[in-house]
Amino acid sequence: MRKIVLATGNAGKAREFAAVLAGFELEIVPQSAFDVPEAEEVGLTFVENALLKARNAALHTGLPALADDSGLVVDALDGRPGIHSARYAGPGADDCANIAKLLVELRGVPAERRTARFVCTLALLRHPADPTPLICQGSWEGLILTEPRGANGFGYDPVFFAPGERRTAAEMDPADKNRLSHRGRALALLRGQLRDGAAR
Ligand code: ITT
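Residues numbered from 1 in each chain as written. Predicted model: local features only at pLDDT ≥ 70, side-chain atom pairs only at ≥ 80, totals over all residues. Heavy atoms only, no water.

> Summarise the nonpolar core; cite the residues concerned and give the values.
Membership of the largest hydrophobic core comes to 20 residues, with the highest contact counts inside it found for Leu72, Val74, Leu102, Trp140, Ile144 and Tyr156. When contributions to this core are tallied by element, the ones reaching two or more residues are strand E3 (65-74), helix H3 (95-105), strand E4 (115-125), strand E5 (134-144) and strand E6 (160-162). Ranked by the residues each element gives to this core, the list is headed by H3, at three residues. Among residues more than four places away in sequence, those in contact with Val74 are Gly79, Arg80, Pro81, Leu102, Leu106, Thr115, Ala116 and Ile144. (Core = buried A, V, L, I, M, F, W, Y, C linked by side-chain atoms within 4.5 Å. Buried < 20%, exposed > 50% of the residue type's maximum accessible area, 1.4 Å probe, protein only. Helix = DSSP H or I, 4+ residues; strand = E, 2+ residues; numbered from the N terminus. Contact = heavy atoms within 4.5 Å.)

Here's what the structure looks like:
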């Protein structure tokens, strides 16, 4: 496989993909290079939405497509914001508004019950009707702080504390985050599958 379209409009994700897939024998073209309309994310799970995004990009470009559906799953909130992570505080909500809503919902929840994980599902479709997509999933365990720390990354990174690292995802340099993160882990699995020739 040579050229594939990356089905995301999220600049933070696109930066991480570019870093992790650099040097791999793939030419990754962002879907912004084509007039791909936004996919309707009507699935109830990360895997359904990743497939919808990849299929939409494959349909509109004629290229194999790789999509990511990801989010933050917080135990004390019964898994919210989950698949609604991008627009948790409402349509068009930015990262600050989403973080603010999360912190309000977790007000009063003690440290030991603030467990959460980032999850990432990748879907690679060779063509829109591909009956055997490659699916790879990764997760990253952490705790939600009571206030933001750090300026790197995107999304909920400033409130996601990685206990093993003793810092938030937004306090890590990009290489460290990519090594540990849900997206980094899912991409490592995908690279393994591609190396084994799974995408032929
Ligand atoms: P695309 O659908 O165009 O890829 P999106 O941002 O709408 O972009 P999702 O529906 O998958 O994508 O939502 C993912 C959200 O989960 C994202 O906007 C962040 O709020 C959060 N998120 C995912 N990965 C993250 C990470 O590595 N660090 C911080 N927040 C993350």
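> For the sheet that holds strand E7 (residues 167-168), give the residues involved together with the corresponding values.
Overall, mixed pairing links the seven strands, which are arranged E2-E1-E3-E4-E5-E6-E7 in an open sheet. Strands with a single pairing partner mark the edges of an open sheet, and in this sheet they are strand E2 (27-30) and E7. Set on the sheet, helix H5 (residues 182-195) makes contact with E3, E4 and E5; between it and E5 the angle comes to about 160°. (Pairing = 2+ DSSP bridges. Axes fitted to C-alpha atoms, helices over the stretch in contact; angles between N-to-C directions.)

> Any chance you could break down the packing of aromatic side chains for me, citing the residues and the numbers?
Applying the stated criterion to the full structure yields three aromatic pairs. When the centroid spacing of 6.2 Å and the interplanar angle of 35° are considered together, the rings of Phe118 and Trp140 count as tilted. Here Trp140 lies in strand E5 and Phe118 lies in strand E4, a separation of 22 residues in the sequence. When sorted by exposure, Phe118 lands in the same class as Trp140, which is buried. Between the aromatic rings of Trp140 and Phe160, the centroid separation amounts to 4.9 Å while the plane-to-plane angle is 55°, which identifies the pairing as tilted. Of this pair, Trp140 sits in strand E5 while Phe160 sits in strand E6, and the two are 20 residues apart along the sequence. (Phe/Tyr/Trp six-rings, centres within 6.5 Å; stacked < 30°, edge-to-face > 60°.)

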